[in-house]
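Structure assessment
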Amino acid sequence: MLLRHTHKEILPRKALTVNPAKTCQPVGAMYASLGIHNCLPHSHGSQGCCAYHRSALTRHYREPVMAATSSFTEGSSVFGGQANLIQAIDNIFTTYDPDIIAVHTTCLSETIGDDVYQITNKAVKEGKVPPGKHVFHANTPSYVGSHVTGFANMTKAMALYFSKSTGVHNGRFNIIPGYVEPSDMTEIKRIAMEMGIRPIVFPDTSDVLNGPMTGKYKMFPRAGPPWRIWSAPGTAWAPLPWAPWHQPMRPGPWTANGMFPAGWRICPSGCPPRTGSSMP
Ligand code: SF4
């Protein structure tokens, strides 16, 4: 039966990917977090998950990938990882001093049902987050979607956490790339600049995961614009999502059409500045 369907001549299969890379959501979430300037990705789960996510990215990009983990033990697997995450936040800010910690969940913490929003709020109340520093999270259960979904969920989380309206139009155009390679992000910026657009691309992993070999180790390679610049998308002309897979799996109440906060739209040329209640 199988032989009947086997071609006698060997055909080139250039348009076919055998065993395509499809990994779990946290890999994409970690990749997106690396595209924020001075941000340390944090995997809320066991050490093995974090090691796998880091090595998957390192093997692909041939660059060191920094990330922290809540380092679950048997006890945290049963009773939840709150204590681990609060301790981790304290340790990370004390030791590595990033501006932002981007927490993503894993199979284990999602199955336990850890309320990461509540835990990070508790860390803030207990003074574990220094003034001017930030901790936000994305839910990335690995049994839903793939690394591409994880990237989208983390991007959505950073937009939700940081976006705010200043009420003043800043003349910028936000480009939100899907899961594309760092060199693609460079090209997106180049094309936008050719068109006379000063884009804010976030997340932006160019020069982080395809940086030159300088011989010097940098814990936080420069990634994209500092969050203070891109955290005001409410005042830009419009957000432009770059890929259809940027749609979240389940449109939440924050979206009007599955991607944008209510009132947002794509206007490639000449959108009037949005004001008042049209601002998300
Ligand atoms: S699939 Fe789940 S358990 Fe496996 S590495 Fe990903 S998050 Fe961890």
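Above this text is the structure in question.
A few points on the structure. A quick note: this is a predicted structure, and the numbers were derived from the prediction, not measured.

**Some details on the overall build of the protein chain**
Each helix and strand in the protein chain was counted, giving 9 helices and 7 strands. The 280 residues of the protein chain split such that 37% are buried. Considering only residue pairs separated by 6 or more positions, the protein chain has 74% of its internal contacts joining residues 24 or more positions apart.

**Observations regarding the site of the ligand**
Within the structure, the ligand sits among Cys24, Pro26, Gly45, Cys49, Tyr52, Thr106, Cys107 and Ser142. Of the residues that constitute the shell around the ligand, the class distribution is 5 nonpolar, 3 polar and no charged.

**Some thoughts on the pairing of strand β3 (residues 100–105)**
A large share of β3 lies buried, amounting to 6 of its 6 residues. Every second residue of β3 is oriented toward a common face, with Ile100, Ala102 and His104 on one face and Ile101, Val103 and Thr105 on the other, all of them buried. The pairing of strand β1 (residues 39–44) with β3 spans 6 bridges and is parallel. Paired with Cys39 across the strands is Ile100, a residue of β3. Both β3 and strand β4 (residues 134–138) contribute to a ladder of 5 bridges, which runs parallel. Its bridge partner being in β4, Ala102 is matched across the sheet by Phe136.

**Thoughts on the nonpolar core**
In this structure, Tyr31, Ile101, Ala102, Phe151, Met154 and Met158 are the most contacted members of the largest nonpolar core, which totals 41 residues. No other element matches helix α7 (residues 147–162), which puts 6 residues into this core.

**Section: the sheet that holds β1**
If you walk across this open sheet you meet the 4 strands as β2-β1-β3-β4, and the pairing is parallel. One side of each edge strand has no neighbouring strand; the edge strands of this open sheet are β2 (68–69) and β4. Pairing geometry for β1 and β2, over 2 bridges, is parallel. Looking across to β2, one finds that His42 is bridged to Ala68. Its contacts with the sheet put helix α4 (residues 82–95) on β1, β2, β3 and β4, and the angle it makes with β1 is roughly 160°.

**Quick look at helix α8 (residues 182–194)**
The terminal C-alpha atoms of α8, which comprises 13 residues, lie 19 Å apart, in line with the 18 Å expected from a rise of 1.5 Å per residue. Those residues of α8 that fall on the buried side of the exposure criterion are Pro182, Met185 and Lys189. Down the axis of α8, the smallest arc covering the buried residues is 55°, so these residues share one side. Those residues of α8 that are exposed and angled more than 90 degrees off the buried face are Ser183, Arg190, Ile191 and Glu194. Elements that come into contact with the buried residues of α8 comprise β6 (199–201). Within two residues after α8, Gly196 carries a phi angle of roughly 80°, on the positive side.

**Some points on the pairing of β4**
With respect to burial, β4 is a largely interior element, 5 of its 5 residues being buried. Of the two faces of β4, the one carrying His134, Phe136 and Ala138 and the one carrying Val135 and His137 are both buried.

**Quick word on the packing of helix α1 (residues 25–33) against helix α2 (residues 47–61)**
Running from N to C, α1 and α2 point in directions that differ by 65°, and their axes come no closer than 9 Å. Once α1 is placed against α2, the crossing between them reads as right-handed. Contacts between α1 and α2 involve Pro26, Val27, Met30 and Tyr31 from the first element and Cys49, His53, Ala56 and Leu57 from the second. The residue inventory of the contact of α1 with α2, partitioned by class, reads 7 nonpolar, 1 polar and no charged.

**Focus on the packing of α4 against helix α6 (residues 116–125)**
Two numbers describe how α4 lies on α6: the axes approach to 10 Å, and their chain directions differ by 45°. Considering the angle they form, α4 stands oblique to α6. When you trace α4 past α6, the crossing you get is right-handed. Facing Gln82, Leu85, Ile86 and Ile89 of α4, the residues of α6 in contact are Ile119, Lys122 and Ala123.

**Topic: α2**
Taking 1.5 Å per residue, 15 residues should reach 21 Å; α2 reaches 21 Å between its end C-alpha atoms and fits that length. Among all positions of α2, only Cys49, Cys50, His53 and Leu57 are buried. End-on, the buried residues of α2 take up no more than an arc of 100°, which puts them together on one face. In α2, the exposed positions angled more than 90 degrees off the buried face are occupied by Ser55 and Arg59. In this fold, the buried residues of α2 make contact with α1, β1 and β2. Once α2 ends, the next one or two residues include Arg62, with phi positive near 60°.

The rules behind these values
Residues numbered from 1 in each chain as written. Predicted model: local features only at pLDDT ≥ 70, side-chain atom pairs only at ≥ 80, totals over all residues. Helix = DSSP H or I, 4+ residues; strand = E, 2+ residues; numbered from the N terminus. Buried ≥ 20, exposed ≤ 12 C-beta atoms within 10 Å, placed from the backbone. Contact = placed C-beta atoms within 7 Å. Near = placed C-beta within 6 Å. Nonpolar A, V, L, I, M, F, W, Y, C, P; charged D, E, K, R; others polar. Pairing = 2+ DSSP bridges. Core = buried A, V, L, I, M, F, W, Y, C linked by C-beta atoms within 7 Å. Axes fitted to C-alpha atoms, helices over the stretch in contact; angles between N-to-C directions. Expected span 1.5 Å × (residues − 1). Arc of directions from axis to C-beta. Left-handed = near helix turned anticlockwise from the far one by under 90°. Parallel < 35°, antiparallel > 145°, perpendicular 65-115°, else oblique.

It is worth stressing that arrangement in space is one thing and function is another; only the former is reported here.
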